[in-house]
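Analysis of the macromolecular model
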Number of protein chains: 2
Amino acid sequence: MAVGKVDFPKMQVVSGIKLGTCCAGVKQTERDDVLLVEMAAESSCAAVFTQNAFCAAPVIIAREHLPQSPRYLLINSGNANAGTGEQGFTDAQASCLATAKLMSVQTEQVLPFSTGVIGEKLPVEKIIHSLPQAKSALSEDNWSNASQAIMTTDTFAKGYSMVTQIDGHAVTITGMSKGAGMIQPNMATMLGFIATDANIAPALLQQCLSVAVEQSFNRITVDGDTSTNDACVLMASGQSSLPEILIDTDAFAIFQHAILDACKQLAELIIRDGEGATKLIKIKVQQAESEAEAVQIAKTIAHSPLVKTAFFASDPNWGRILAAVGRAGVEQLDVNKINIYLDDVCIVEKGGRAVAYTEEAGQAIMNQEEITVTVVLGRGQLEQQVLTCDFSYDYVRINAEYRT
Amino acid sequence: MAVGKVDFPKMQVVSGIKLGTCCAGVKQTERDDVLLVEMAAESSCAAVFTQNAFCAAPVIIAREHLPQSPRYLLINSGNANAGTGEQGFTDAQASCLATAKLMSVQTEQVLPFSTGVIGEKLPVEKIIHSLPQAKSALSEDNWSNASQAIMTTDTFAKGYSMVTQIDGHAVTITGMSKGAGMIQPNMATMLGFIATDANIAPALLQQCLSVAVEQSFNRITVDGDTSTNDACVLMASGQSSLPEILIDTDAFAIFQHAILDACKQLAELIIRDGEGATKLIKIKVQQAESEAEAVQIAKTIAHSPLVKTAFFASDPNWGRILAAVGRAGVEQLDVNKINIYLDDVCIVEKGGRAVAYTEEAGQAIMNQEEITVTVVLGRGQLEQQVLTCDFSYDYVRINAEYRT
C-alpha cells in the first residue's frame, strides 16, 4: 500500500526507444514478466549497478557489455538469477545470445537484467521461447505495460515522464522503477530504466547518471540491505531536435537537473512502496562540515530500528534520534551545538530538549503521513538528505513469511 | 522472556566489596532502584563507557572521576539523566557530593551511573534522601538484591559468579549486568558491574577490562543502537590471598581469561533478554584477513533486518546472509571462495547454494532456539564472532508502544 496518493503519469513516448512485453511464465503465469527494450542505432546508454560484492550473474554481464554500444535490454521479473553460480552465467549469456540472434545484433549489444527470487535457477528456456512475442510487441507507446512487467511484489507501477525545454527544443524524459516490495522474501530489489531522446555521448551520459543516482537512488533506504541485482539504466536515443549536448554547457546543466528530477521522483516512489511502510520520512542534515558526514548521520538515523519503530508509533521520541546522531561515528561532534526539528517544530536545542517544545506539538507532526526531520549540526555549510520509511508490524510479517 | 533456560547463580561474596540497595521511588515505587557499591580502601577500579557522542551526564562525570581512586559507585535505575543538559550535570554532581559527604570521602571518589528514561530530569532529591538507607544496607552478601535494583525492563536479573584458582590461591569474580530490555522506549541500556578480590594495579586492571569488553559486550548487538549510558566497571579489592597480579605473568593470563569469561557470560545474558528475542544467534566469521573485517561482516549480518526476520520465521534464507556478506564493504572479497554453515549444515559452497544442501536440513537447524552461523571467507587465518537475536513482532510492539 502506497504512502500518500500516487498517480501513474501519462508516459510520453521517447522517439527511438521501443518496449515489448510478454508472459514467459518465469514465476507468475498470469501477467507479463519479460520486457525487451530496443534502442535506435546510435543511441547512448549509461548504467550504474549494485556495489554488493555478491552481485548477480546478469549484473556482471551487463557491466561487461555496457561499453559495447548496447541496442537491447532484456529484463525478466520473478527470478533474480543470483546465487546461481556458473549455471547463472551460462543462462544469462544464453538469453543475450538468443536476443542478439533474433534482433541481428552482437551478443555484447544486449544487457540482461533479472529481479525476483534469489538462489533458484533461471528458467531461461521459457524466456528465450517468449522472445519473438516480445519482439512483435515492440512499440514506443508501451511504457505502461513495461512498468508493470518489471514489478515483482511492488504494490503499484512506478513511472515518471516530463518534457523539458532546452535551448528552445523539447526533450522528453520518461522512466520507470521497481522497488522494495519484497513481499516474498529474497527478492532482489531495485531496477530503474530511464529514456530520453536527447543527443549525448555515452561518457557524458554516464557522468550525468552517476551524479543523479548518487543524489537520488543512493539516498533512499528501506532497511539498509543492498540487493544483489540493483541497477539503473539511462538511454538516450538522440532523436530530439536539440543538437548534441556537450560538457560544460547550459544545455548540459539543464539536462543534468532534469535527469536528477526523474531519478529523485522514481526513487521516492520506491520508498512510498517500502515494505510495510506507513510513513514517508525525509531526513535532512544541515550545517555539516562535509556532504559525507551529512549522509553518514542521515543514514544512521534512517537505519535505526528504534527511530523507525517510533515513527510507526507516531511517537515524537527525540531521544532516539539524538542517540542515533551520537553514534554515527562523526569525529569531534559537539553535541551542545545540535538542534533537531520535526517539520518546523524544534524538539532539540543545543543538544537537549528544546525549552519551548511540547509533546502536543511533536505529536501533531508525528501523526502526519509525511514528516521531515532536520538535524542542524552547527559545524559547517553543507547539507544532504535521505528518504526512508517507518518500521511496522507488516515489515516483520512480510519478511518473516516463508518463501513460497 | 529469556531465550533458553537461565538460572541466577549463587553469587559468591567478594571480600572488600559491599552493596546496599533501597527504594528511592525514581520511577517505580515498588522495588529498589538505587544501589550503592563500596570498595575497600586500596581497591583498584577500571571502567569502559559508551562511545556515543551524546553520552549522558553521569557517564561524563564517571569518566572524569575514574582516575581519582574511586571508593563508591552510585547507580540508579528508572531515569538515565541523558539529554538533560546543564541540569543533568548539576544533578549528577549533587548525588556524588551527597554520597561523598555521607561516606566521608572526596566527591571525585564517587562514580555515578544512571539507566532508564532519556530526557527527563533526574529526581536527585529522592536519590539523595534515600542514601542513608542504602548505606545501612551495605553488605558483602547483597549481589542478588543489587542485580535486581539495576534492572529497568529486563525480564530477569543477570548474574555471574566463579571462584578461579590462580597459583594455588582462590580468586573470586562476581558480576552483574542489565541490558537491552527496553520495553519502555528510551531506556538507556547496558550496565555491567564486576568485582574481584584479586590484587591488581588500576592500569593493568583497565587493560584487562578493555580487552575483555572488546571481545564480549562489544560483540553483542540487538539492533545496532548504541545507548547514551552504556558502561561496564571492574573493581578489584585486593583482599584475596594471591599476591599482586603483575603484567606478563601466567597469573595475569589466567586472570584475563577469567574476566573475559565473566564478561562473555554477562553479555550473552543481555542477548538472551533482547527485546522480543525468540532465538540466540552466534555469527562466526572465519578465515578472514583481519579481525576487523571479520567483525565488520559479522555485524553486517547481525544488523540486517532481513536476516533477523528470517531467523524469527525459522526460514533458512541463505540468500539474505549472502547478500549481507556482500554489502559489508570488505575490499576485494572473492565471493567464489565463501562457504556458509548453519551449525554443521553447509548451505553455501563457493558462493552458491551447496550441492548437497536440502531445505529440510536447513529447516531443522532453523527450528532450534540457538543457532550458529559460520561464514568461511577463505582469505586468511583470523576469526571473530558476534552474538545477536532475531527480530520479531514483539520487537516492533515493544518499541512502538508509547512511552509511559
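Relevant structure appears above.
These notes cover the structure that comes with them. What you see is a predicted model, and the numbers here were worked out from it, not measured in a lab. (Residues numbered from 1 in each chain as written. Chains lettered and ligands numbered in written order. Predicted model: local features only at pLDDT ≥ 70, side-chain atom pairs only at ≥ 80, totals over all residues. Heavy atoms only, no water.)

1. Overview of the pairing of strand β13 (residues 345–349) of chain A
Residue and element names in this part refer to chain A.
- When you tally the buried positions in β13, you get 4 out of 5 residues, the bulk of the element.
- Bridge analysis of strand β12 (residues 339–342) against β13 gives 3 bridges, and the strand direction is antiparallel. Along β13, the bridge assignment pairs L342 with V345.
- In textbook terms, the turn of a hairpin is the stretch between consecutive antiparallel strands, and for β12 and β13 this stretch comprises 2 residues, one of which, D343, has a positive phi near 50 degrees.
- The pairing of β13 with strand β14 (residues 352–353) spans 2 bridges and is classified as antiparallel. Within β14, the residue paired with E349 across the bridge is G352.
- As consecutive antiparallel partners, β13 and β14 are separated by 2 residues, and within that stretch K350 has a phi angle of approximately 50 degrees, a positive value. (Buried < 20%, exposed > 50% of the residue type's maximum accessible area, 1.4 Å probe, protein only. Helix = DSSP H or I, 4+ residues; strand = E, 2+ residues; numbered from the N terminus. Pairing = 2+ DSSP bridges.)

2. Observations concerning the relation of the copies chain B and chain A
- Aligned on chain A, chain B shows an RMSD of 0.0 Å; the corresponding rotation is 180 degrees and the shift along the axis is 0.0 Å. Viewed as a symmetry operation, the transformation between the two copies matches a two-fold axis. Ranked by how close their C-alpha atoms come to the rotation axis, the residues of chain B are headed by Y393 of chain B, at 2.9 Å.
- A share of 100% of interface residues in chain B that are also interface residues in chain A marks the association as one of identical surfaces. (Least-squares fit on C-alpha atoms with pLDDT ≥ 70 in both. Contact = heavy atoms within 4.5 Å.)

3. Details of the state of the cysteines
All names here are of chain A.
- The tally for this structure, following the rule as stated, stands at 0 disulfides over all chains.
- Looking at C263, it has no disulfide partner, and the nearest cysteine sulfur is the one in C232, 5.0 Å off.
- Assessed through its relative accessible area of 0%, C263 is described here as buried.
- Here C389 is not disulfide-linked; the sulfur of C232 is the nearest cysteine sulfur, at 19 Å. (Disulfide = S-S within 2.5 Å.)

4. Some remarks on the interface of chain B and chain A
- Across the contact, 53 residues belong to chain B and 53 residues belong to chain A.
- Summing both partners gives a buried area of about 4,300 Å² for chain B against chain A, and 61% of it is carried by carbon and sulfur.
- Area buried by chain B at its contact with chain A is led by F54, Y393 and V396 of chain B, which between them contribute 16% of it.
- Joining chain B to chain A, the criterion identifies 0 salt bridges.
- At the junction of chain B and chain A, the tally comes to 4 residue pairs in polar contact (both at pLDDT 80 or more).
- Those elements giving two or more residues to the side of chain B that touches chain A turn out to be α8 (305–312), α9 (318–326), β14 (352–353), α10 (359–366) and α11 (393–400) of chain B.
- Among the elements that make up the side of chain B that touches chain A, the one with the highest residue count is α9 of chain B (7 residues).
- Among the residues making up the side of chain B that touches chain A, the classes are represented as 24 nonpolar, 18 polar and 11 charged. (Buried area = accessible area lost by both parts, 1.4 Å probe. Salt bridge = Lys/Arg side-chain N within 4 Å of Asp/Glu carboxyl O. Polar contact = N/O pair within 3.5 Å; in protein donor to acceptor, adjacent residues only side chain to side chain. Nonpolar A, V, L, I, M, F, W, Y, C, P; charged D, E, K, R; others polar.)

5. What to know about helix α11 (residues 393–400) of chain A
- Listing the buried residues of α11 of chain A in full gives Y395, V396, I398, N399 and A400 of chain A.
- Those residues of α11 of chain A that are buried lie in contact with α8, α9 and α11 of chain B.
- Between a side-chain oxygen at the N-terminus of α11 of chain A and the backbone nitrogen of D394 of chain A the separation is 3.2 Å; the capping residue is S392 of chain A.

6. Topic: the pairing of strand β11 (residues 280–288) of chain B
Residue and element names in this part refer to chain B.
- Relative to strand β15 (residues 370–376), β11 is paired through 7 bridges, and the arrangement is parallel. Across the sheet, L280 pairs through a bridge with E370, a residue of β15.
- Note: β11 against strand β16 (residues 382–389), 7 bridges, orientation antiparallel. Bridging across to β16, V285 finds its partner in Q384.

7. Digging into the sheet that holds strand β10 (residues 231–236) of chain B
Residue and element names in this part refer to chain B.
- Spatially, 5 strands are ordered β3-β10-β8-β7-β6 in an open sheet, and the strand pairing comes out mixed. Edge positions in the sheet fall to β3 (44–49) and β6 (158–166), since each of these pairs with one other strand and no more. Each strand of the sheet is rotated relative to its neighbour by a mean of 10 degrees, with strand direction disregarded.
- The pairing of strand β8 (residues 191–196) with β10 spans 6 bridges and is classified as parallel. The residue bridging L191 from the neighbouring strand is A231, located in β10.
- Running over the sheet, helix α5 (residues 202–214) touches β3 and β10 and is turned about 35 degrees from β3. (Axes fitted to C-alpha atoms, helices over the stretch in contact; angles between N-to-C directions.)

8. Some thoughts on the sheet that holds strand β8 (residues 191–196) of chain A
Residues and elements named next belong to chain A.
- Spatial strand order, β3-β10-β8-β7-β6: 5 strands in an open sheet with mixed pairing. One side of each edge strand has no neighbouring strand; the edge strands of this open sheet are β3 (44–49) and β6 (158–166). Averaged over all adjacent pairs, the angle separating strand axes in this sheet is 10 degrees, with direction ignored.
- Of the strand pairs in this sheet, β6 and strand β7 (residues 169–178) are connected by 9 bridges, and their pairing is antiparallel. Directly across from Y160, in β7, lies its bridge partner G175.
- Each of β6, β7, β8 and β10 (231–236) touches helix α6 (residues 250–272); the most contacted strand, β6, lies at about 165 degrees to it.

9. So, the packing of aromatic side chains
- One pass over the full model with this rule turns up 7 aromatic pairs over all chains.
- Measuring from centroid to centroid gives 5.5 Å for F312 of chain A and Y393 of chain A, while their planes differ by 85 degrees, and the two rings are edge-to-face. With F312 of chain A in helix α8 (residues 305–312) and Y393 of chain A in helix α11, this pair connects stretches of sequence that are 81 residues apart.
- Judged by relative accessible area, which is 21%, F312 of chain A ranks as partly exposed.
- Take Y393 of chain A: its relative accessible area is 32%, and that puts it in the partly exposed class.
- Members of the aromatic cluster, each reached through a chain of ring pairs, are F391 and Y395 of chain A together with F391 and Y395 of chain B.
- The aromatic ring of F156 of chain A is capped on one face by K158 of chain A, whose charged end is 4.4 Å from the ring centroid. (Phe/Tyr/Trp six-rings, centres within 6.5 Å; stacked < 30°, edge-to-face > 60°. Lys NZ or Arg CZ within 6 Å of the ring centre and 35° of its normal.)

Remember that the coordinates give geometry; whether it matters functionally is a separate question.
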